[in-house]
Amino acid sequence: MSARGTVRLPGSKSISNRVLLLAALAQGTTTVRDLLHSDDTERMLDALRTLGVVVESLGDNAYRVTGCGGNFPVKQAKLFLGNAGTAFRPLTAALALSGGSYELSGVPRMHERPIGDLVDALRQLGADIRYLGNEGFPPLQISPAKLVGDTVKVRGDVSSQFLTGLLMALPLTGKAVNIEVVGELISKPYIKITLAMMAHFGVKVWPWSIVEGELDWQHCVVPGVQRYQSPDTIYVEGDASSASYFLAAGAIGGGPVRIEGVGRVSVQGDVRFADELSRMGARIEKGENWMEVHAPASGKLKAIDLDCNHIPDAAMTLAVAALFADGTTRLSNIASWRVKETDRIAAMATELRKVGATVEEGADYIRITPPARIKHAAIDTYDDHRMAMCFSLAAFGGAGVRINDPKCVAKTFPEYFAEFAKVTQAVPVIAIDGPSASGKGTVAQRVATALGMHYLDSGALYRLLGLAAQKRGIALEAEDKLAELAGQVDIRFEGEGIWLDGVKVGDELRTEEAGAAASRIAALPKVRAALLDKQRAFRRAPGLVADGRDMASVVFPDSVLKIFLTASAEARAERRYKQLKEKGMSANIAALLQDIRARDERDTQRSVAPLQQAQGASLLDTTPLNIEQAVQEVLSRYRAVK
Ligand SMILES: Nc1ncnc2c1ncn2[C@@H]1O[C@H](COP(=O)(O)OP(=O)(O)OP(=O)(O)O)[C@@H](O)[C@H]1O
Ligand SMILES: Nc1ccn([C@H]2C[C@H](O)[C@@H](COP(=O)(O)O)O2)c(=O)n1
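Every value quoted in this text rests on a predicted model; they were computed, and no experiment measured them.

### Topic: the overall build of the chain
In step 1: When you go through the chain residue by residue, the secondary structure sums to 21 helices and 30 strands.
In step 2: For the chain, the proportion of its 642 residues judged to be buried stands at 57%.
In step 3: Sequence separation of 24 or more characterises 74% of the internal contacts of the chain that already satisfy a separation of 6 or more.
In step 4: Split by element, the accessible area of the chain, about 25,100 Å² in all, is 48% carbon and sulfur.

So, in structure tokens, the structure goes:
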């Protein structure tokens, strides 16, 4: 699969839900444009409407919110917030300080996500919050607060959403409140989004909103005199976390992939994902609100060792991109993954192992070593939108991937798979099949070079397997043993060289004996089945030219161009004779002709994948053509179908 195209990003979830709540708490009417349309924003919109806030849809992802000046009209309500942490935490804080009685609940997973640190912080200010289930977890019963105290301690090392909720709610108290952050503050970029959005609505936090550069993230003051004021109109940036999947797709699948809606100038920390992807070798250009990515010049991503505190959500995308890297990638400082929609470290490790990766997980890190070949797998998504979106990238491995419960992407990006499909295309394959010595290898190789594509000599796989069998003393009729061997042998193609179990193979691969042995084992159905995935794994961006007997009919039936390349048996015997002589090998033209006829007979008469002109394949008889003419003919047929 390759990736190329442009994606207009949906609005940022983090910004959307913050802006909706601030617009509701503000004085005045706010028009919110480019709002994200998703499950999580629907939960926030529903909750605000239940609380009596007037929210009107203006169409085209725009809404008009009539603020209630911090005083929700409805003083008693039950709110269901699904699995939307960006709605649950800030609403808990705002409602706890707003003088009403509310019951807040969510889906079962929401009830497993901790909220105790936020509740403890709010209680220090006199909030009255009771747990309706397990201590420290939703659901919650909130009753009117009796405000006391001017200092609050809140943990910063579990989820930055606790601090976000507190910061956004404190202006409702009408008095200055000091915040002391306990433990090292994680996910600071999300706090920066909170501060930026609060500043849009006229509230500045001392010193975090005011001082530039390095900050002491342990203390701040939310001044008492400030009230949220509508900025009139506010535009929601494209979602930088959602951008990560498309940037990674371009880096893995060739590119260029351009994303619009977020760029160099952004309040979202996840824009720095692009910098980490470029450390992996991707080539990235940025404009004010767009980015464009190409695959590394080398064609392969580099493995990295990264502290991911600054990109907690987008770091998941790196974990799957690591499948395409040249070594082991380590992502650390990701403990917060464990308390998200699911335990994301455990989920990521389980699913990466399914596609063949070697994974080590720790309390706050994950190490991923890619497999030689990414395996087809059915990926479980744990009701976690990011698991589904991340693992779509595994499809670039060529073996295909099944995403279970793909609709979970509705949490933040309902149109994700439609957009992904728009920028991904099957890697084009040119299939060149034909009988022995027809010239298909020579022609295919030259066509691949002319088009900058990869090349697969599928016959070499059968020849190599024959050689490996002979070396191990396995009979060429022992179908089960040969099929097992096909799964075990280590075959590597690099440039012109071919390695079998780590040893470079020379001219012995090209002898008529090796060809005859290959022809015999190629008639065995289990052997053919065992070599199928190995052949398909050669399909990589930007394209593949594959030669053999069943490229068009069985291995790559969706090839964009199918050629049946042939020549008379006499012409082929003569070509083979010259070829062997040039290599200094002994040859007899009559014996070669006999051998070619015998091989044609075996290859065309076998029961599985017999050599024949496949449906949709066009005939190219090269008897009267020289090599260059044959190559030009294939190129012109490709141009005609491209
Ligand atoms: N059109 C052509 N005219 C003359 N010689 C050719 C032509 N095409 C290929 N040859 C020569 O014929 C020989 C056999 O070609 P090649 O090895 O590419 O065939 P092949 O079909 O891939 O064979 P096999 O599948 O049996 O390995 C080579 O020496 C090649 O240079
Ligand atoms: N896709 C393929 C490729 C090769 N074979 C068999 C048939 C040939 O006799 C033998 C060696 O192939 P060559 O190197 O001569 O192209 O392997 C096949 O059945 N299917």
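### Brief notes about the packing of aromatic side chains
In step 1: Enumeration according to the criterion identifies nine aromatic pairs in this entry.
In step 2: Relative to tryptophan 217, the ring of tryptophan 208 has its centre 5.0 Å away and its plane inclined at 45°; by these criteria the two rings are tilted.
In step 3: Each member of the aromatic cluster is reached from another via a ring pair, and the members are Tyr245, Phe246, Phe396, Phe413, Tyr416, Phe417 and Phe420.
In step 4: Of note, arginine 492 hangs over the ring of tryptophan 499, and the distance from its end group to the ring centre comes to 4.8 Å.

### Comments concerning the site of ligand 1
In step 1: Inspection of the region around ligand 1 gives 15 residues, with Lys440, Gly441, Thr442, Arg576 and Leu625 positioned closest.
In step 2: Here serine 436 contributes a side-chain N or O atom positioned 2.9 Å from an oxygen atom of ligand 1.
In step 3: The separation between an oxygen atom of ligand 1 and a polar side-chain atom of glutamine 579 is 3.3 Å.
In step 4: Going through the elements one at a time, α13 (440-451) and α19 (569-582) are the ones with two or more residues in the shell around ligand 1.

### Observations regarding the packing of helix α2 (residues 39-50) against helix α3 (residues 85-96)
In step 1: Contact pair α2 / α3: the axes reach a minimum separation of 8 Å and the direction vectors enclose 35°. Residue-level inspection shows Asp40, Met44 and Ala47 of α2 in contact with α3, the latter providing Thr86, Ala87 and Leu91.
In step 2: Grouping the constituent residues of the contact of α2 with α3 by class yields four nonpolar, one polar and one charged.

### So, a nonpolar patch on the surface
In step 1: Taken together, Trp206, Ile210 and Val211 make up a surface patch of nonpolar side chains, about 280 Å² in accessible area.
In step 2: On the accessibility criterion, valine 211 (36% relative accessible area) is partly exposed.

### With respect to α2
In step 1: An ideal rise of 1.5 Å per residue puts 16 Å on twelve residues; α2 measures up with 16 Å between its terminal C-alpha atoms.
In step 2: Those residues of α2 not exposed but buried are Asp40, Thr41, Met44, Leu45, Ala47 and Leu48. Take α2 and look down its axis: the buried residues cluster within an arc of 160°, on one side only.
In step 3: Of the surrounding elements, those touching the buried residues of α2 are α1 (13-25), β3 (54-59), β4 (62-66), β5 (76-80) and α3.
In step 4: Taken from the residues just after α2, glycine 52 is the one with a positive phi, measuring 95°.

Reading the values: rules and limits
Residues numbered from 1 in each chain as written. Chains lettered and ligands numbered in written order. Predicted model: local features only at pLDDT ≥ 70, side-chain atom pairs only at ≥ 80, totals over all residues. Heavy atoms only, no water. Helix = DSSP H or I, 4+ residues; strand = E, 2+ residues; numbered from the N terminus. Buried < 20%, exposed > 50% of the residue type's maximum accessible area, 1.4 Å probe, protein only. Contact = heavy atoms within 4.5 Å. Areas by Shrake-Rupley, 256 points an atom, 1.4 Å probe, with all protein chains shown as cover. Phe/Tyr/Trp six-rings, centres within 6.5 Å; stacked < 30°, edge-to-face > 60°. Lys NZ or Arg CZ within 6 Å of the ring centre and 35° of its normal. Near = heavy atom within 4 Å. Polar contact = N/O pair within 3.5 Å; in protein donor to acceptor, adjacent residues only side chain to side chain. Axes fitted to C-alpha atoms, helices over the stretch in contact; angles between N-to-C directions. Nonpolar A, V, L, I, M, F, W, Y, C, P; charged D, E, K, R; others polar. Patch = residues over 30% accessible without salt bridge, like charges linked within 9 Å, V, L, I, M, F, W, Y side chains within 5 Å. Salt bridge = Lys/Arg side-chain N within 4 Å of Asp/Glu carboxyl O. Expected span 1.5 Å × (residues − 1). Arc of directions from axis to C-beta.

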